[in-house]
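# Observations on chain architecture
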Amino acid sequence: MRYFRVPIYNRAVVILSWNEYKKKFPRENFENSYAQTTFFEGDVYMTFDLKRLSPGAIAHESLHAVNFIFESAGVDATPTHDEHQAYLLGFIYQNVYDIMYKKKGSKK
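My aim in this report is to walk through the structure given alongside it, one point at a time. All figures in this text were calculated on a predicted structure; none of them were measured in a lab.

## Section: the nonpolar core
F48, I58, I69, L88, I92, V96 and M100 are the most contacted members of the largest nonpolar core, which totals 22 residues. Looking at this core, the elements with two or more residues in it are β1 (2-6), β2 (11-15), β4 (43-48), α2 (55-73) and α3 (83-104). Ranked by residue count, the leading element in this core is α3, at 7 residues. Not counting chain neighbours up to four residues away, the residues in contact with F48 comprise W18, Y34, A35, L53, A57, I58, E61, V96 and M100. Residues A12, V14, Y21 and F30 belong to the second largest nonpolar core, which totals 8 residues.

## Description of the pairing of β2
Taking burial as the measure, the 5 residues of β2 include 5 buried ones, the bulk of the element. Here β2 shows no split at all, with R11, V13 and I15 on one side and A12 and V14 on the other all buried. With 5 bridges joining them, β1 and β2 adopt antiparallel strand pairing. Residue F4 lies in a different strand from β2, and its bridge partner there is V13. Taken together, β1 and the strand that follows it, β2, pair antiparallel across an intervening segment of 4 residues, in which N10 is found at a positive phi of about 50°. Strand direction decides the pairing type here: β2 and β4, joined by 3 bridges, are parallel. Counterpart to V14 in the pairing with β4 is Y45.

## Looking at the packing of aromatic side chains
What the rule picks out here adds up to 11 aromatic pairs. Between F39 and F68, the ring centres sit 6.2 Å apart and the planes meet at 25°, which makes this aromatic pair stacked. Of the two residues, F39 is situated in strand β3 (residues 35-40) and F68 in helix α2; the sequence distance between them amounts to 29 residues. Exposure remark for F39: the relative accessible area of 27% places this residue in the partly exposed category. When its relative accessible area of 26% is taken as the criterion, F68 is described as partly exposed. Three or more aromatic residues joined by ring pairs form one cluster here, namely W18, Y21, F25, F30, F40 and Y45.

What counts and what doesn't
- Residues numbered from 1 in each chain as written.
- Predicted model: local features only at pLDDT ≥ 70, side-chain atom pairs only at ≥ 80, totals over all residues.
- Heavy atoms only, no water.
- Core = buried A, V, L, I, M, F, W, Y, C linked by side-chain atoms within 4.5 Å.
- Buried < 20%, exposed > 50% of the residue type's maximum accessible area, 1.4 Å probe, protein only.
- Helix = DSSP H or I, 4+ residues; strand = E, 2+ residues; numbered from the N terminus.
- Contact = heavy atoms within 4.5 Å.
- Pairing = 2+ DSSP bridges.
- Phe/Tyr/Trp six-rings, centres within 6.5 Å; stacked < 30°, edge-to-face > 60°.

Below is the structure:
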C-alpha cells in the first residue's frame, strides 16, 4: 500500500495492490477490469493490474479520483471553470504515475 495526501481538500489517495483492493472491496465488479477507483470513508482508493498498466489507465483513474474528491468537497467544475480541476488532475496523475512506475520497475 502506498498513499499521498491531497493538501487543499484534506483527502488521501491510497494505492493498493490488486489483491489488497479485492479484499477491501469484495463487492466491486472486477470482470474485464484492469484498474479500479472508489471513494471510501473520505479517501480515494485505486488499484491497477501491473501487467496492463499504462499512462492512459492512470489518467483515466486519476479523473475518477478528481471527481470523487470534488463531489465529496462540494466543488463544482464546469467546462468553462475547470482550472482547479486541471491542476488537481495533474497533481494526482503525477503522484500515481511516480508510485506505479517505481513499483513496476520502469523508469520515466
